[in-house]
Amino acid sequence: MQALGAFEKIIRLSLRRLAGPVVTALFTLAYAVPCLAAEPVAVFPGVPYDGYIVYESLAVFWIVLVALIVVIRMKLREIERTQQLGAAEEDPNAPLLP
Amino acid sequence: MNCPRLKDWFEERYDLRGIRLLAREKLVPEHRYDLWYYTGGITLFLFILQFLTGMLMALYYVPHVKFAYESIIEIVTKLNMGWFFRSLHHWGAQLAIVFLFIHLFGTLLLKSYRKPREMVWVTGFILLGISIFFGLSGYLLLWDERAFAAVRVATGGAGAFPVIGGFIKAFLRGSIDVTGDTLLRFYAFHVAILPIVTLALIGLHILLVQFHGMSVPLSLEGEKRRDIPFFPNVFLKDLMIWLVVLGAVVTLAVLLPPEIGVQADPLAPPPENIKPEWYFLFMLETLKLFPGTILGFNGETIAILCVTAGILFFFLIPFLDRKSSRGEKSPLFTWIGVIYIVYFLVMTAMGFLS
């Protein structure tokens, strides 16, 4: 009788009894997978080397911009100096060259 | 570079000497507020940038409900520098509207709208409205859940306008809800209709500015000041500022590329804490101030009527400010302008923080 009781306990713990909840849980999880947060779209180069190249290019771009601004500023100051001297104005009495 | 034969070819056919004289004669007053003159130039530069980056994007974008989202993903992830040009287009749009507002508020506070420049104000104001519609139509082209929900709210809000609201909503959506028809319609607006109207209005705006000359603030009219030639002095200063703005847009595009959300699903619930673009936030916050019903009337309709009345008053300021048009100081309209600016800034900040 004792052996029969132990056998009943084994049946109670057998996979047959766990099968229902396990299958339900698996189905629930499998169904929920697509509902998890979608992976964000990579809007910037993902490879570190590519990222480094982009930042390096940005630095070079700024150096060129600053250089251009300095050149334009120098040109503007030169123009202003010429204008202050009156050299830019046309002289109506200037003799025409043949 | 000197090409005398090419120069002669053109001079024989066109009055280049006249154009050169015209450019030399254009003068710009120099005073302590002349920095405001550059805001218009910056906006123009950003518009040009938008046209160029927009043309590049249009080469690859597919305006179809099934492929729009995928085409954006492809532009961003597969095309060489595609992510950069999309980001540049996004930040260019944001800064263009920022500078449009700065230009508008500067014009308002310096009373540059006063007689005889009312039409300059009118064309500029319409350009601001078009730019905001540019932003809204471009936002939907992404076809992600946030853009979809924002356009649904915006077009729904337009529908609350009395009498013509239903027509506006149906016209914008092209259907009973935001669908593929809306996407196609917004695409047509974004790449064809609005650019043509914008080009025409920018042309008219610049022509009117050339015709009237630069406005000098009332407080400085009696003062002795120097006029400097536009070519080359102001043009070179413009060029330097444009380079700085270009640097700022490129930096923003690299450091803060705009995110792409989940693809739009008309049947899915709208995402939580959905917010429209920043330039609509003041309107949204104003709508929140109104209760659901006021004396038995729909609160949203009354709110939209109030906002419309506020915008209409703002638009008509050059025609209402009689003192400025007579050349007298008008502190009342200065205060009205300050109230508008403070209201816009406070409501936008509240929209960000809420």
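Please read all numbers here as calculations on a predicted model, not as lab measurements.

**Q** So what exactly am I meant to see when it comes to the overall build of chain B here?
**A** Helix and strand counts for chain B stand at 15 helices and four strands. In terms of overall dimensions, chain B is globule-like: its C-alpha atoms have a radius of gyration of 23 Å, near the 20 Å expected for 354 residues. The dimensions of chain B, computed from C-alpha atoms along their principal axes, are 65 × 55 × 35 Å. Taken over 354 residues, chain B has a buried fraction of 44%. Carbon together with sulfur atoms contributes 71% to the accessible area of chain B, which is approximately 19,100 Å² in total. On chain B, the mean spot of the 30 positive side-chain charges and the mean spot of the 26 negative ones are 7 Å from each other.

**Q** Would you mind going over the packing of aromatic side chains with me for this structure?
**A** The geometry of an aromatic ring pair is captured by two quantities: the separation of the ring centres and the angle between the planes. Residues and elements named next belong to chain B. Counted according to the given criterion, the structure contains 29 aromatic pairs over all chains. The interplanar angle of 70 degrees and the centroid separation of 5.5 Å between the aromatic rings of Phe-84 and Phe-85 together place this pair among those described as edge-to-face. When the centroid spacing of 5.3 Å and the interplanar angle of 35 degrees are considered together, the rings of Phe-231 and Phe-235 count as tilted. With Phe-231 and Phe-235 both in helix H10 (residues 230-255), this residue pair falls four residues apart, about one helical turn. The class for Phe-235 is partly exposed, based on a relative accessible area of 32%. Just above the ring of Trp-9 sits the side chain of Arg-13; from NZ or CZ to the centre is 4.0 Å. The positively charged end of Arg-185 is found above the aromatic ring belonging to Phe-171, 5.7 Å away from the centroid.

**Q** Help me out: how do you make sense of the pattern of salt bridges in this one?
**A** Pairing between side chains of opposite charge can happen when their charged atoms approach one another. All names here are of chain B. Across all of its chains, the model carries nine salt bridges over all chains by this definition. A salt bridge links Glu-12 to Arg-13; the nearest nitrogen and oxygen atoms lie 3.7 Å apart. Salt bridges here are not isolated pairs; linked through shared partners, they connect Arg-152, Arg-173 and Asp-177.

**Q** Where do I start with the packing of helix H3 (residues 37-58) of chain B against H10(B) in this structure?
**A** Geometrically, a packed helix pair is captured by the angle between its two axes and the distance between the axes. All names here are of chain B. At their nearest, the axes of H3 and H10 sit 10 Å apart, and the two run at 55 degrees to each other. Judged by the inter-axis angle, H3 sits oblique to H10. In terms of crossing hand, the pair formed by H3 and H10 is right-handed. Here Tyr-38, Gly-41, Ile-42, Phe-45, Leu-46 and Leu-49 of H3 lie close against H10, whose contacting residues are Val-234, Lys-237, Asp-238, Ile-241, Trp-242, Val-245, Leu-246 and Val-249.

**Q** Is there a simple way to explain the interface of chain A and chain B in this structure?
**A** Accessible area lost upon the coming together of the parts serves often as the stated size of an interface. Facing 22 residues of chain A, the contacting portion of chain B comprises 28 residues. A buried area of about 2,100 Å², summed over both sides, lies between chain A and chain B, and 79% of it is on carbon and sulfur atoms. At the boundary of chain A with chain B, the tally comes to zero salt bridges. The tally of links between chain A and chain B comes to two residue pairs in polar contact (both at pLDDT 80 or more). Grouping the amino acids of the side of chain A that touches chain B by side-chain chemistry returns 17 nonpolar, one polar and four charged.

**Q** Looking at this model, I keep getting lost on unusual backbone geometry. Mind explaining?
**A** One can expect most non-glycine residues to show negative phi and most peptide bonds to be in trans. Residues and elements named next belong to chain B. In the segment running from Lys-115 into Pro-116, the intervening peptide bond is cis, with an omega of 10 degrees. Examined against the element boundaries, Pro-116 turns out to sit in the loop between helix H5 (82-109) and helix H6 (118-141). The phi torsion at Trp-143 lies on the positive side, around 55 degrees, for a residue other than glycine. The topology assignment puts Trp-143 in the loop between H6 and helix H7 (145-159). We note that Leu-295 has phi near 50 degrees; this positive angle belongs to a residue other than glycine. Residue Leu-295 is classed as exposed on the basis of its relative accessible area, which comes to 81%.

**Q** How should I be thinking about the confidence of the model for chain A in this particular structure?
**A** It should be kept in mind that the predicted coordinates are not to be read in detail where pLDDT is low. Taken as a whole, chain A shows an average pLDDT of 77; of its residues, 54% reach a score of 70 or greater. Within chain A, the element-level pLDDT minimum falls on helix H1 (residues 2-13) of chain A, averaging 58, and the maximum on helix H3 (residues 48-85) of chain A, averaging 95.

**Q** What should I look at first to understand the nonpolar core in this one?
**A** Nonpolar side chains tend toward joint burial in soluble globular proteins. Residue and element names in this part refer to chain B. Core analysis: the biggest nonpolar cluster contains 76 residues, and Leu-46, Phe-101 and Ile-260 have the highest contact counts within it. The element that contributes the greatest number of residues to this core is H5, accounting for 13 residues. Look past the residues within four positions of Phe-101 in its chain and what remains in contact with it is Leu-128, Ile-132, Trp-278, Tyr-279 and Phe-344.

**Q** Before we go on, may I ask you to explain the packing of helix H12 (residues 299-315) of chain B against helix H15 (residues 331-353) of chain B in this structure?
**A** Residue and element names in this part refer to chain B. Packing of H12 against H15 leaves a shortest axis separation of 12 Å and a crossing angle of 135 degrees. In this view, H12 runs oblique relative to H15, as classed from their interaxial angle. In the crossing of H12 with H15, the sense of the turn from one axis to the other is left-handed. Of H15, the residues touching H12 (which contributes Gly-310, Phe-313 and Phe-314) are Phe-333, Ile-336 and Tyr-340. Taken together, the residues of the contact of H12 with H15 break down into five nonpolar, one polar and no charged.

**Q** Would you take a moment to explain a nonpolar patch on the surface for this structure?
**A** Residue and element names in this part refer to chain B. A cluster of nonpolar residues, Leu-109, Trp-335, Val-338, Ile-339, Val-342, Val-346 and Met-350, forms a patch on the protein surface that exposes about 630 Å² of accessible area. No other element matches the six residues that H15 contributes to the nonpolar patch. You can see Val-346 is positioned in helix H15. For Val-346, a relative accessible area of 43% puts it in the partly exposed group.

**Q** Which parts of the structure should I look at to understand H12(B)?
**A** Since there are 3.6 residues in each turn of an α-helix, residues three or four apart along the chain are aligned in direction. All names here are of chain B. With 17 residues, H12 extends 24 Å from end C-alpha to end C-alpha; this agrees with the ideal 24 Å at 1.5 Å per step. Of all the residues in H12, the buried ones are Gly-299, Thr-301, Ala-303, Ile-304, Val-307 and Phe-314. Capping the start of H12 is the job of one residue whose side-chain oxygen sits 3.2 Å from the backbone nitrogen of Glu-300: Asn-298.

Thresholds applied
- Residue numbering note: each chain is counted from 1, following its sequence as written.
- Whichever chain is written first becomes A and whichever ligand is written first becomes 1, with later ones labelled in order.
- Predicted model: local features are reported for residues with pLDDT of at least 70 only, side-chain atom pairs are reported and counted for 80 or more only, and whole-chain, interface and lining totals are derived from all residues.
- Only hydrogens and water are removed before side-chain values are computed, so all heavy atoms of the structure are retained for them.
- A run of H or I in DSSP becomes a helix once it reaches four residues, and a run of E becomes a strand once it reaches two; helices and strands are each numbered from the N terminus.
- We compute the radius of gyration over the C-alpha atoms and compare it with the globule rule, which gives 2.2 Å times the number of residues raised to the power 0.38.
- Here the term buried applies to any residue with accessible area under 20% of the maximum for its type, exposed to any over 50%, and partly exposed to those in between, with areas from a 1.4 Å probe on protein chains only.
- Per-residue accessibility takes into account occlusion by the displayed protein chains alone, with areas from the Shrake-Rupley method and a 1.4 Å probe.
- Charged-residue counts in this description rest on Lys and Arg as positive and Asp and Glu as negative, His and the chain ends being excluded.
- Every charge is mapped to an atom, namely NZ of Lys, CZ of Arg, CG of Asp or CD of Glu.
- By convention, a stacked pair of Phe, Tyr or Trp rings (six-membered ring in the case of Trp) has centres within 6.5 Å and planes under 30 degrees apart, an edge-to-face pair has planes over 60 apart, and any other such pair is tilted.
- For a lysine, the NZ atom is tested; for an arginine, the CZ atom; a charge sits over a ring if that atom is within 6 Å of the ring centre and within 35 degrees of the ring normal.
- Salt-bridge detection follows one rule: a side-chain nitrogen of Lys or Arg within 4 Å of a carboxyl oxygen of Asp or Glu.
- Axis geometry follows a simple rule: fit a line to the C-alpha atoms, using only the stretch in contact for helices, then measure angles between N-to-C directions, giving values from 0 to 180 degrees.
- Should an angle fall under 35 degrees it is called roughly parallel, over 145 degrees roughly antiparallel, and 65 to 115 degrees roughly perpendicular, with every other angle called oblique.
- Crossings are assigned a handedness: left-handed for a near helix turned anticlockwise from the far helix by less than a right angle, right-handed for a clockwise turn.
- Here a residue-residue contact requires only that any non-hydrogen atoms of the pair lie within 4.5 Å.
- What gets called buried area is simply the loss in accessible area from a 1.4 Å probe that two parts show on being joined, summed for both.
- What qualifies as a polar contact is a pair of N or O atoms within 3.5 Å, subject to a donor-acceptor requirement within protein and to the restriction that residues adjacent in sequence count only when both atoms come from side chains.
- Only Asp, Glu, Lys and Arg are considered charged, only Ala, Val, Leu, Ile, Met, Phe, Trp, Tyr, Cys and Pro nonpolar, and every remaining residue, Gly among them, polar.
- Known as pLDDT, the predictor's per-residue confidence is scaled from 0 to 100.
- For this analysis, a nonpolar core means a set of buried residues of the types Ala, Val, Leu, Ile, Met, Phe, Trp, Tyr and Cys, connected via side-chain atoms within 4.5 Å.
- Nonpolar side chains (Val, Leu, Ile, Met, Phe, Trp, Tyr) within 5 Å and like charges within 9 Å form the patches, drawn only from residues with over 30% relative accessible area and no salt bridge.
- To estimate the expected span of a helix, count its residues, drop one, and scale the result by 1.5 Å.

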